[in-house]
Amino acid sequence: MARIARTAATGGDLDPAFLAWSSSFTIDRRLLEHDCEGSIAHVEGLRRAGLLTVDEAERLTSALTALPGQVAAGEVVLPDDEEDVHMAVESQLAAQLGAVAGKLHTGRSRNDQVATDLKLWARQALVVIERGIDRVLAAAAVWCERHGEVAMPAYTHRQVAIPVLARTWIGGALVEPLRRDRRLLLVVADELAESPLGAGAIAGTTLPIDAEQTASALGFAHGPRNAIDAVGSRDHALVLGFACNRIGMHLAQFSTDVVELTSDGLVRLGGAIAGGSSMMPHKRNPDLFELVRGQAALRHGELAGLLTLMHGLGSGYHRDLQHDKTLLFPCVDGVVGSLEMVALGLHHFELVADACRDALVAGDAVATDLCEALVASGMPFRDAYRRIGALVNETRGEGRRLAQLDAADLVRHGLDPALVDRLDPVAAARRRSR
Ligand code: ARG
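Residues numbered from 1 in each chain as written. Predicted model: local features only at pLDDT ≥ 70, side-chain atom pairs only at ≥ 80, totals over all residues. Heavy atoms only, no water.

**Student:** Explain the overall build of the chain to me, please; I cannot follow it from the model alone.
**Tutor:** Scanning the chain from terminus to terminus reveals 17 helices and four strands. Taken against the 2.2 N^0.38 rule, which gives 22 Å for 434 residues, the C-alpha radius of gyration of the chain at 31 Å runs more than 25% over that of a compact globule. In terms of its C-alpha atoms, the chain occupies a principal-axis envelope of roughly 100 × 50 × 40 Å. Evaluated residue by residue, the chain yields a buried proportion of 47% over its 434 residues. If you take every contact in the chain between residues at least 6 apart in sequence, the share linking residues at least 24 apart comes to 76%. Accessible area of the chain: about 20200 Å², with a carbon and sulfur share of 54%. Computed over 44 positive and 56 negative side-chain charges, the inter-centroid distance for the chain is 6 Å. (Helix = DSSP H or I, 4+ residues; strand = E, 2+ residues; numbered from the N terminus. Rg over C-alpha atoms; globule rule 2.2 N^0.38 Å. Buried < 20%, exposed > 50% of the residue type's maximum accessible area, 1.4 Å probe, protein only. Contact = heavy atoms within 4.5 Å. Areas by Shrake-Rupley, 256 points an atom, 1.4 Å probe, with all protein chains shown as cover. Lys, Arg positive; Asp, Glu negative; His and termini not counted. Charge placed at Lys NZ, Arg CZ, Asp CG, Glu CD.)

**Student:** What's the story with the side chain of E82 in this structure? I'm lost.
**Tutor:** Residue placement: E82 occurs in the loop between α4 (54-72) and α5 (85-97). The class for E82 is buried, based on a relative accessible area of 6%. A polar atom in the side chain of E82 sits 3.4 Å from the side chain of S91. Residues in contact with E82, not counting those within four places in the same chain, are R3, I4, L19, S23, F25, M87, A88 and S91. (Polar contact = N/O pair within 3.5 Å; in protein donor to acceptor, adjacent residues only side chain to side chain.)

**Student:** Would you take a moment to explain the site of the ligand for this structure?
**Tutor:** Taken together, S24, D28, D84, H86, R110, N111, V114, Y317, Q322 and K325 make up the full set of residues near the ligand. Y317 is positioned with one of its side-chain polar atoms (N or O) 2.4 Å from an oxygen atom of the ligand. The element contributing the most residues to the shell around the ligand is helix α6 (residues 110-147), with three residues. Residues of the shell around the ligand, tallied by class, amount to two nonpolar, four polar and four charged. (Near = heavy atom within 4 Å. Nonpolar A, V, L, I, M, F, W, Y, C, P; charged D, E, K, R; others polar.)

**Student:** In this structure, what is going on with the pattern of salt bridges? I would like to understand it.
**Tutor:** Side-chain pairs of opposite charge can arise whenever the charged atoms involved come near each other. Counted under the stated rule, the structure contains 29 salt bridges. E260 is the partner of R158 in a salt bridge, and the nearest nitrogen-oxygen pair spans 2.9 Å. On the criterion of sequence distance, the pair formed by R158 in the loop between β1 (151-156) and β2 (159-165) and E260 in helix α10 (residues 235-263) is long-range, its members being 102 residues apart. Note that E398 is salt-bridged to R400, the shortest N-O span being 3.6 Å. When its relative accessible area of 36% is taken as the criterion, E398 is described as partly exposed. (Salt bridge = Lys/Arg side-chain N within 4 Å of Asp/Glu carboxyl O.)

Geometric descriptors of this kind do not, in isolation, establish any biological role.
Here is the structure:
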């Protein structure tokens, strides 16, 4: 059968090795559903323009509607020797419907087609990512019900700083960043407002197809504002890639907290998510969180790849753009997987309250609170700061910690014995979290 995008002017057949190497079908077959969705809207546009009869439009539409299901069920196997999914579909329709399939591509190019498909796919990806974030937030809420009131150290520079309740920690380490990421998805959605369909190869079409109508049929806010931009821009992919990166980075930062807390003995991991060692029988490693952290690095690579792919391209479509999917698909899949795993992980790690308390005591985490108690009773901050610094130093010199002092010790150090009720780190965490 004659190749779809070959004419007398093209210069004969493609070398089979080049065709196989250059085909994007193994990757973009994933766009099948969206490709058919876009084509169905296009068919309706052609019918309205009088370029297809009602009967032709119906035959094309019902074949396009059925195709994704037939492929999923294994009833239809798309030809795998075409350049991409768009051609595989057209070639399949030609086999099924005959000559009418040759009318489908009227007033359209794969350039506006693939740009449209990718945006439809990205719209779906946003829903999946949002659902992933919501699962993590729900798991964090459940985690808080069990562990939220445990007092633990907040760290600066990885040194014990101040006592907080665990709900404050997880709020800062995970919940608030992900809530912002959820809002960032709205910004991405905004980048998906324009339908590229109708932009054709580079400059639209002379045929009277209403691009605004096809845009609204596909759920876009409007059609192409500028055909050159519509086929050449991948800004939406970049922004989506960035959103995946930021989510991944937030999950990685949270993971580092968990890894370090585990290493310090403040967190205990459930066996369901902990890695073992093939040599050391005693190990219970935070593999899930380390892998999530590593995933974020992969996202950075994909985003850098996308940016680099765009770098130096002139306006309009270039075949380089075909690789956008090679980078964007794993970027989205990767972040969705990480969200799933963090949600799972949250059901399998707990804080060890006693170890947290020991860390608070050993780290003299109440020092700042003690200092502020002196300030509240009228002492200038710098004086209070130095007094408590000296107290910490002297107490440590005695091999003790602030939380181990009693009223008599405070008097011995020239301090108000009433400060004794400021020495308990657990009470300090609660006081701050009110
Ligand atoms: N497979 C191509 C891609 O993903 C489709 C567009 C091909 N356009 C072209 N002018 N060769 O970018």
